Amino acid sequence: MRVALVDREIDVAALIAEVSDHTCGASTVFLGCVRDVNDGRAVTAIEYSAYRSMAERQMAAIANEAQEAFGVSRLVIEHRLGTLALGEVSVAVVAAHPHRAPALDANRYAIEELKRRVPIWKLEHYVDGTREWVGAGTGKPQPGTSDPRQHGDSSSGDSSSSVDGHSTASRSDEVSAEVFP
């Protein structure tokens, strides 16, 4: 397992190679990218900054929690800092496991907890020239997300497991990519 704050482009292929192993039948990839609109405002870029030492400690804790809860030992989380243009990857979570359900669950858990707990801040740059600090690391749910430990619709055929006594599920329609080595 590895976590890192980086000041360079995130090399997704290198991250996939890093977690790949002949014992793993499933690798999952989540990529967070800079989008062009947030809360109805046209965005031109996002500047990410962090309280590095605390952010890295929290990221490591999240990776350890994912390992314990889902049995995933091959996990990499990278978050980029600095100013990113539209379409650039700001965060990547890559997990591998012999089976898809734990890899998917660990991936979802890691990104949701990162967004909730890690002190990384976003300064959005808008088309009109203004800038505004938004969301990340505030402990508040981000728009369009939910606590991954609160899922558990067994009728959908999706898998579920538990973290700290809470139910969690993985839904294949909520994953950016699934790669099988």
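Residues numbered from 1 in each chain as written. Predicted model: local features only at pLDDT ≥ 70, side-chain atom pairs only at ≥ 80, totals over all residues. Heavy atoms only, no water.

### Observations concerning the overall build of the protein
Line of reasoning, step 1. Check the secondary structure of the protein and you find three helices and twelve strands.
Line of reasoning, step 2. For the protein, buried positions account for 42% of its 181 residues.
Line of reasoning, step 3. Long-range contacts, defined as pairs at least 24 residues apart, comprise 69% of the intrachain contacts of the protein with a sequence gap of at least 6.
Line of reasoning, step 4. For the protein, the accessible area works out to roughly 8900 Å², and carbon and sulfur atoms hold 50% of it. (Helix = DSSP H or I, 4+ residues; strand = E, 2+ residues; numbered from the N terminus. Buried < 20%, exposed > 50% of the residue type's maximum accessible area, 1.4 Å probe, protein only. Contact = heavy atoms within 4.5 Å. Areas by Shrake-Rupley, 256 points an atom, 1.4 Å probe, with all protein chains shown as cover.)

### Considering the pairing of strand β7 (residues 89-97)
Line of reasoning, step 1. Counting buried residues in β7 gives nine out of nine residues, a clear majority hidden from the surface.
Line of reasoning, step 2. Here eight bridges tie strand β2 (residues 26-33) to β7, and the two strands are oriented antiparallel to one another. Considered in β7, the bridge of Thr28 is made with Ala95.
Line of reasoning, step 3. In terms of strand pairing, strand β5 (residues 74-80) meets β7 through six bridges, oriented antiparallel. Bridge pairing in β7 places Val76 opposite Val94. (Pairing = 2+ DSSP bridges.)

### Regarding helix α3 (residues 100-117)
Line of reasoning, step 1. For α3, spanning 18 residues, the distance from its first C-alpha to its last is 26 Å, which sits close to the expected 26 Å at 1.5 Å a residue.
Line of reasoning, step 2. The buried fraction of α3 is high, at 13 of 18 residues. (Expected span 1.5 Å × (residues − 1).)

### Some points on the confidence of the model for the protein
Fine structural detail should not be taken from predicted coordinates in areas where pLDDT scores are low.
Line of reasoning, step 1. This prediction gives the protein a mean pLDDT of 82; 75% of its residues lie at or above 70.
Line of reasoning, step 2. Contacts of residues 145-181 to residues separated by more than four positions or lying in other chains number 76 contacts, the stretch itself having pLDDT below 50. (pLDDT = per-residue confidence, 0-100.)

### Let's talk about unusual backbone geometry
Line of reasoning, step 1. The backbone phi angle of Asp39 is positive, close to 50°, even though this residue is not glycine.
Line of reasoning, step 2. Relative to the helices and strands, Asp39 resides in the loop between β3 (37-38) and β4 (41-50).
Line of reasoning, step 3. Asp39 sits in the exposed class, given a relative accessible area of 65%.

### Observations concerning the pattern of salt bridges
Line of reasoning, step 1. Within the structure shown, the criterion is met by eleven salt bridges.
Line of reasoning, step 2. Across the salt bridge formed by Glu112 and Arg108, the nearest N and O atoms sit 3.3 Å from each other. Within this pair, Glu112 and its partner Arg108 are both found in helix α3, separated by four residues, close to a single helical turn. With respect to class, Glu112 is no different from Arg108; both count as buried.
Line of reasoning, step 3. As a salt-bridge pair, Arg116 and Glu113 come within 2.9 Å of each other at their nearest N and O atoms. Here Glu113 and Arg116 lie together in helix α3, a separation of three residues that amounts to about one turn.
Line of reasoning, step 4. The class of Arg116 is partly exposed, set by a relative accessible area of 33%. (Salt bridge = Lys/Arg side-chain N within 4 Å of Asp/Glu carboxyl O.)

### Description of the packing of aromatic side chains
Line of reasoning, step 1. Under the counting rule described, the total for this entry stands at one aromatic pair.
Line of reasoning, step 2. The side chain of Arg41 reaches across the aromatic face of Tyr126, ending 3.6 Å from its centre. (Phe/Tyr/Trp six-rings, centres within 6.5 Å; stacked < 30°, edge-to-face > 60°. Lys NZ or Arg CZ within 6 Å of the ring centre and 35° of its normal.)

### Details of helix α2 (residues 52-70)
Line of reasoning, step 1. Here α2 spans 26 Å end to end across 19 residues, near enough to the 27 Å set by a 1.5 Å rise per residue.
Line of reasoning, step 2. Those residues of α2 lying buried are Ala55, Met59, Ile62, Ala63, Ala66 and Phe70. Viewed end-on, α2 has its buried residues packed into an arc of 100°, placing them on one side of the element. Seen from the buried face of α2, the exposed residues on the opposite side, beyond 90 degrees, are Arg57 and Glu68.
Line of reasoning, step 3. At the C-terminal side of α2, Gly71 shows a positive phi close to 70°. (Arc of directions from axis to C-beta.)

### Concerning the environment of Met59
Line of reasoning, step 1. Within the secondary structure, Met59 is located in helix α2.
Line of reasoning, step 2. Considering only alpha carbons, one finds Met59 and Ile77, 18 residues apart in sequence, at a separation of 7.6 Å.
Line of reasoning, step 3. Sequence-distant contacts of Met59, that is, excluding residues within four places in its chain, are made with Val3, Ala4, Leu5, Ile77, His79, Leu114 and Val118.

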